[in-house]
Amino acid sequence: MPEKKTGEIRIQGQELGTSYSIIFFGDEAVDWESKVDSVFLVINQSMSTYQEGSIISRINRGERNVRVDGQFKEVFFLSQEVYERTDGYFDPTVGLLVDAWGFGPGEQQELDSVKVDSLLQFVGWDKVTLKSDRMVEKEKPEIRFDFNAIAKGYAIDRLGLMLQTNGVESYLVEVGGEVLASERKWAPQELDPESTDSLALDSPELRWKVGIDDPQSTGARQLKKIIYIKEQALASSGNYRKFRVDEETGKRYVHTINPLTGFTENGSVLATSVLASSCAKADAFATAFMAMPLEKSKALLVESNDLEGYIIYLDEAGEVTEFMTPGFASAVLPRE
């Protein structure tokens, strides 16, 4: 049996269409990379719309007798909670619309108001049910799930759980700029800023320092805010990176789709960031706040005791303005 030797461990790679970076203090003799790969494998087999054999793809194709796994079940019911709390602005049954707008694995379509209306009949969380036998019932067979707005956050939570069950107490998990942090119990060396979307640096009081991108930066990424977190998850959403430009017209289509209208949402909100106990929840709400009316998002954040939020938006005069809950503001590192 190899001798147990604990130390600082860093694992980086590409998964879920983005980069990931994990830093933690653990047993150096353990094959951590295999354990990380196993977590991503399970998530992809359950919820990747880009894998034909995944559970979600089989359900979307209308295969019969498909029983979901525990991961799909957890994401399904968390999606239902967020759908209800956001009055339908978070809705993973937008799969057909995601494909039609050119942001999914399916065929992109030429869309107008008539075509969008025809697709909306196949969108609606109230049209799907997960039964006690773990089989999904769809009101219309054409309904397609797309968990991309929550699955990345969920994968981060599962990575954190994997580390905890293997005796790791101190870690920072980052996938595509979204993070989950435990209490920091050692002073890590500075991470290479080029290796990750967020920056994890030495910080006092056993907290991690995490950067939030400036949605208006052009060229090289710049940080808008830096916050301290521990025992929390942070997820951000914005239309400043993921969009599609029509080659013929030059029109820009953002990836945020309003499930109530069926159209991509080019609103005044530039970016959102949410702090929550789980990254899946933070991921889902950050996405919803990109589509929701601004005042509705603010009200939901103010009345929620399980969320803290930060929204960057354009006011009526076109000036960049910020909204921040008190809890989020207390985590922000003051500018020097």
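Higher on the page you've got the structure.
What you see is a predicted model, and the numbers here were worked out from it, not measured in a lab.

Each value, and the rule that gives it
- Residues numbered from 1 in each chain as written.
- Predicted model: local features only at pLDDT ≥ 70, side-chain atom pairs only at ≥ 80, totals over all residues.
- Heavy atoms only, no water.
- Helix = DSSP H or I, 4+ residues; strand = E, 2+ residues; numbered from the N terminus.
- Buried < 20%, exposed > 50% of the residue type's maximum accessible area, 1.4 Å probe, protein only.
- Arc of directions from axis to C-beta.
- Contact = heavy atoms within 4.5 Å.
- Axes fitted to C-alpha atoms, helices over the stretch in contact; angles between N-to-C directions.
- Parallel < 35°, antiparallel > 145°, perpendicular 65-115°, else oblique.
- Left-handed = near helix turned anticlockwise from the far one by under 90°.

1. Observations concerning unusual backbone geometry
(1) Moving on: Despite not being glycine, Leu-16 shows a phi value in the positive range, around 55°.
(2) Moving on: Looking at where Leu-16 falls in the secondary structure, it is placed in the loop between strand 1 (6-15) and strand 2 (18-27).
(3) Moving on: With a phi close to 60°, Asn-65 is a non-glycine residue in the positive phi region.
(4) Moving on: Along the chain, Asn-65 turns up in the loop between helix 2 (55-60) and helix 3 (70-85).
(5) Moving on: The class of Asn-65 is exposed, set by a relative accessible area of 59%.

2. A short note on helix 5 (residues 113-120)
(1) Moving on: Buried residues of helix 5: Val-116, Leu-119 and Leu-120, and no others. Down the axis of helix 5, the buried set is contained in an arc of 105°. They therefore lie on one face.
(2) Moving on: Those residues of helix 5 hidden inside the fold are in contact with helix 4 (95-100).

3. Overview of the environment of Leu-130
(1) Moving on: The topology assignment puts Leu-130 in strand 3 (residues 128-130).
(2) Moving on: Along the primary structure Leu-130 and Phe-77 are separated by 53 residues, whereas in three dimensions their C-alpha atoms are 8.6 Å apart.
(3) Moving on: Excluding its chain neighbours within four sequence positions, the residues that come into contact with Leu-130 are Val-68, Lys-73, Phe-76, Phe-77, Met-135 and Val-136.

4. Some points on the packing of helix 1 (residues 32-47) against helix 3
(1) Moving on: Packing of helix 1 against helix 3 brings their axes to within 9 Å, and their N-to-C directions diverge by 65°. The pairing of helix 1 with helix 3 is recorded here as roughly perpendicular in orientation. Considering how the two elements wind past one another, helix 1 and helix 3 form a crossing that is right-handed. Along its contact with helix 1, which presents Val-42, Ile-43, Ser-46 and Met-47, the element helix 3 presents Gln-71, Phe-72 and Val-75.

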